[in-house]
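# Per-entry structural report
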Amino acid sequence: MKTLRFSLFFFPLLFAFASSSWSDDYSINVDASSDRIGMVNGSHYRDPDTGIALNHRKAYLLAAKELGFKGVRAHGILMDDVGIYHEDSQGQPVYSWEKYDELMDFIVQECGMRPIVELSYMPVDLASDPGQQSAFWYGGNTSIPKDYGKWRELIGQIVSHSVARYGKAVVDQWHWEVCNGPNVSFPGRWSEYAKLYVYAVEGAVAADPDIKIGGSAMDASGTDGYFYSFLDHCRGGTNFAN
C-alpha cells in the first residue's frame, strides 16, 4: 500500500479552478499492486433529484472552504435532468427553475464560488434531432436548435432569471460560455456553431448588457482551425441573428 497526498479533481457536472491557498493536508491509501482494478461507473456523478450527488457536494464544499477554489464550470446545465426547458403540447416553451436554482444556490451561496455557466447541451424538446447525442457517457444532445428564436429566448431567460435571483452585480462577475468544445460537439460543422453562438450571445446581452459571455473551451485535438475560425467570425463574420 502506498500513501499519496490528496489531490482534488472532480469532473461530473462541475469542474473547478483553484487559488493558491489551502489549509489541512489530506492523504489516501492506494492499492498499487494491480495495474487495473476495474472500470469507473459514471452513474454516481449526477443525482437525478439534486443534480449533484452527495459525495460531490461534500467535495465542492471542501474545495471552496479549505482549498480556496474560486469557481466551477458546469457541464450540461441545459440537459433534461436539470429540466429548465420543455415545450407543452402546443410547442410553447415551459421553463422550470427548481433544479437550476438548487444548483446555483449551492455553488454561489453555500460554496461562495462563481460559476462558469456552460450553455449546453441542447434541450431535447428544442433539438432539431432529438436522438443526436455526444460521444460523452452522459449523452448530451449536440444538434442545432429547431428554432433559433426559441434558443435565443432560452438563453435570455436563463440570464434574466439569474439576475433576478442573485442580483446583477453578482451575475456580472460570472462567466458564460456558449456550448462545450465545439470542435468535438460540432465536428466539421463550424457554420452551425457560429449561428448557435450568435443567437445565444444576442439573447444573453439583451437580458444583461454587461454580461461576460464568449466562445467555448476547445478540445486540444484539432483546435487550431476551429479556434481561428471563431476569432475571424467574431471580428467580421455574419451576424446570423439580424
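### Section: the overall build of the protein
The number of helices and strands found in the protein is seven helices and nine strands. The contacts of the protein with a sequence gap of at least 6 include a subset with a gap of at least 24, amounting to 71%.

### Brief notes about the environment of C111
As for its position among the elements, C111 is in the loop between helix 2 (98-110) and strand 7 (114-119). In this structure C111 touches Y60, L61, A64, K65 and F106, once residues within four positions along its chain are discounted.

### What about the packing of helix 3 (residues 148-166) against helix 6 (residues 190-207)?
Axis angle and axis distance: for two packed helices, these are the angle between their axes and the distance between the axes, and together they describe the pair. One way to put it is that helix 3 packs onto helix 6 with a least axis distance of 7 Å and a crossing angle of 40°. Relative to helix 6, the element helix 3 is oriented oblique. For the crossing formed where helix 3 meets helix 6, the hand is right-handed. In this structure, helix 3 contributes Y148, W151, R152, I155, G156, V159 and S160 to the contact, and helix 6 contributes E192, K195, L196, Y199, A200, E202, G203, A204 and A207.

### Remarks on helix 3
The first and last C-alpha atoms of helix 3 sit 27 Å apart over 19 residues, in line with the 27 Å expected at 1.5 Å per residue. Measuring from the side-chain oxygen of the N-cap residue of helix 3 to the backbone nitrogen of G149 gives 2.8 Å; that N-cap residue is D147. Where helix 3 ends, the next residue or the one after it, G167, has phi of about 95°, a positive value.

### Things to note about unusual backbone geometry
Looking along the chain, the bond that leaves S120 and enters Y121 is cis, with omega of -10°. By secondary structure assignment, the location of Y121 is in the loop between strand 7 and helix 3. A positive phi is found at C179, a non-glycine position, where the angle reads about 75°. Along the chain, the position of C179 falls in the loop between strand 8 (175-178) and helix 5 (182-185).

### A closer look at the packing of helix 2 against helix 3
Where helix 2 contacts helix 3, the axes come no closer than 12 Å and their chain directions differ by 50°. Here helix 2 lies oblique to helix 3, going by the angle between them. Pair helix 2 / helix 3 crosses with right-handed handedness. Between helix 2, through Y100, D101, M104, D105, V108 and Q109, and helix 3, the contact on the second element is made entirely by I158, H161, S162, R165 and Y166. Residue classes in the contact of helix 2 with helix 3 are distributed as five nonpolar, three polar and three charged.

### Regarding the nonpolar core
Among the nonpolar cores identified, the biggest contains 52 residues, and L78, Y100, W151, L154, I158, W176 and Y193 are the most heavily contacted of them. Every element with two or more residues in this core is listed here: helix 1 (54-65), strand 4 (69-74), helix 2, strand 7, helix 3, strand 8, helix 6 and helix 7 (223-236).

### A look at the packing of aromatic side chains
Any pair of aromatic rings gets described here by the distance separating the centres and the angle formed by the planes. Within this structure, the stated rule accounts for eight aromatic pairs. Judged by centre distance (6.2 Å) and plane angle (50°), the rings of Y60 and F106 are tilted. Of the two residues, Y60 is situated in helix 1 and F106 in helix 2; the sequence distance between them amounts to 46 residues. Of the two residues, Y60 and F106, neither departs from the other in class, the shared state being buried. Ring centres 5.1 Å apart and planes at 40° place the aromatic pair Y148 and Y199 in the tilted group.

### Observations concerning a nonpolar patch on the surface
Where nonpolar side chains cluster on the molecular surface, the patch consists of F227, Y228 and L231 and spans about 290 Å² of accessible area. Its location among the elements puts L231 in helix 7. The exposure class of L231 is partly exposed, given its relative accessible area of 38%.

### What about the pattern of salt bridges?
For the structure shown, the criterion picks out 12 salt bridges. One salt bridge in this structure joins D172 and K168, with 2.6 Å as the shortest N-O distance. For D172, a relative accessible area of 16% corresponds to the buried category. For K168, a relative accessible area of 34% gives the class partly exposed. Note that D208 is salt-bridged to K168, the shortest N-O span being 3.4 Å.

What counts, and at which threshold
- Residues numbered from 1 in each chain as written.
- Predicted model: local features only at pLDDT ≥ 70, side-chain atom pairs only at ≥ 80, totals over all residues.
- Heavy atoms only, no water.
- Helix = DSSP H or I, 4+ residues; strand = E, 2+ residues; numbered from the N terminus.
- Contact = heavy atoms within 4.5 Å.
- Axes fitted to C-alpha atoms, helices over the stretch in contact; angles between N-to-C directions.
- Parallel < 35°, antiparallel > 145°, perpendicular 65-115°, else oblique.
- Left-handed = near helix turned anticlockwise from the far one by under 90°.
- Expected span 1.5 Å × (residues − 1).
- Polar contact = N/O pair within 3.5 Å; in protein donor to acceptor, adjacent residues only side chain to side chain.
- Nonpolar A, V, L, I, M, F, W, Y, C, P; charged D, E, K, R; others polar.
- Core = buried A, V, L, I, M, F, W, Y, C linked by side-chain atoms within 4.5 Å.
- Buried < 20%, exposed > 50% of the residue type's maximum accessible area, 1.4 Å probe, protein only.
- Phe/Tyr/Trp six-rings, centres within 6.5 Å; stacked < 30°, edge-to-face > 60°.
- Patch = residues over 30% accessible without salt bridge, like charges linked within 9 Å, V, L, I, M, F, W, Y side chains within 5 Å.
- Areas by Shrake-Rupley, 256 points an atom, 1.4 Å probe, with all protein chains shown as cover.
- Salt bridge = Lys/Arg side-chain N within 4 Å of Asp/Glu carboxyl O.

Coordinates in, geometry out; function isn't part of it.
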